[in-house]
Amino acid sequence: VTDDVLAALVELGRAAQVPAARAAMLRGDRINTTEDRSVLHTALRLPEDAELVVDGRDVVADVDELTQLDAAIGDADHGSNMERGMTAVVDGLADGPAQPGPLLKKAGMTLVSKVGGASGPLYGTLMLRMAGTIGDTTEIDAPMLAAALRAGLAGVVERGHAQSGDKTMFDALNPACDALDAALA
């Protein structure tokens, strides 16, 4: 990623108010507007002695209850799966390829093999499709990044059959791709 592309992405993040949204998420604000609730998966990654108060209640103290709630709709291992997968990605990239395409390919393959459930294949597919678009180039300019993200999004849609409004990662990725495309137009 060139310095110009990185600067453009940082500016896009600022324009989209990403730092404020991240802070709101970590505070436990009700950022999930479709369900009018907090995004409490952040509590799963906090130390046991940390505090995250939402609606006057410390939800870190209730992580076991959150896991049970996750179990009601899944297998209660999303947080631990993603942590295991990203740890494997970071460990695997320590001596990994320097070029962006091969690096994304290795990261994607690692996520597919290490993260259970739907998340590993979806995030892995996103990275693998991006890697395919980038190829062996050593520098990514803004149009190539936009094309790679679109390819990754297409892979996520193909693998997960997601559509707008399904409350999946598509609902975050598609507007991000649209914003990047608009910024480059």
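Cut-offs used in this document
- Residues numbered from 1 in each chain as written.
- Predicted model: local features only at pLDDT ≥ 70, side-chain atom pairs only at ≥ 80, totals over all residues.
- Heavy atoms only, no water.
- Helix = DSSP H or I, 4+ residues; strand = E, 2+ residues; numbered from the N terminus.
- Contact = heavy atoms within 4.5 Å.
- Areas by Shrake-Rupley, 256 points an atom, 1.4 Å probe, with all protein chains shown as cover.
- Expected span 1.5 Å × (residues − 1).
- Buried < 20%, exposed > 50% of the residue type's maximum accessible area, 1.4 Å probe, protein only.
- Salt bridge = Lys/Arg side-chain N within 4 Å of Asp/Glu carboxyl O.

### Topic: the overall build of the chain
Phase 1 of the analysis: Per the secondary structure count, the chain includes eight helices and two strands.
Phase 2 of the analysis: The order of α-helices and β-strands along the chain, N terminus first, is α-α-β-β-α-α-α-α-α-α.
Phase 3 of the analysis: Expressed as a percentage of contacts within the chain between residues at least 6 apart in sequence, the contacts between residues at least 24 apart total 45%.
Phase 4 of the analysis: Accessible surface, the chain: about 11100 Å² in total, of which carbon and sulfur atoms supply 56%.

### Quick look at helix 6 (residues 119–134)
Phase 1 of the analysis: The terminal C-alpha atoms of helix 6, which comprises 16 residues, lie 22 Å apart, in line with the 22 Å expected from a rise of 1.5 Å per residue.
Phase 2 of the analysis: Those residues of helix 6 lying buried are S119, G120, P121, L122, G124, T125, L126, M127, M130, A131 and I134.
Phase 3 of the analysis: Of the residues one or two after helix 6, G135 is the one with positive phi, at around 65°.

### Description of the side chain of T125
Phase 1 of the analysis: Within the element layout of this structure, T125 appears in helix 6.
Phase 2 of the analysis: Exposure remark for T125: the relative accessible area of 6% places this residue in the buried category.
Phase 3 of the analysis: For T125, the residues in contact, after removing those within four places along its chain, are V112, G155, V156 and R159.

### Comments concerning the pattern of salt bridges
Phase 1 of the analysis: The full count for this structure, using the stated rule, is three salt bridges.
Phase 2 of the analysis: Between R150 and D178 there is a salt bridge, with its nearest N and O atoms 2.4 Å apart. With R150 in helix 7 (residues 142–160) and D178 in helix 8 (residues 170–184), this pair connects stretches of sequence that are 28 residues apart.
Phase 3 of the analysis: Relative accessible area serves as the criterion here: at 27%, R150 is assigned to the partly exposed category.
Phase 4 of the analysis: Among the residues examined, D178 registers a relative accessible area of 38% and is labelled partly exposed.
Phase 5 of the analysis: For R150, the salt bridge is made with D181, and the minimal N-O distance between the two is 2.9 Å.

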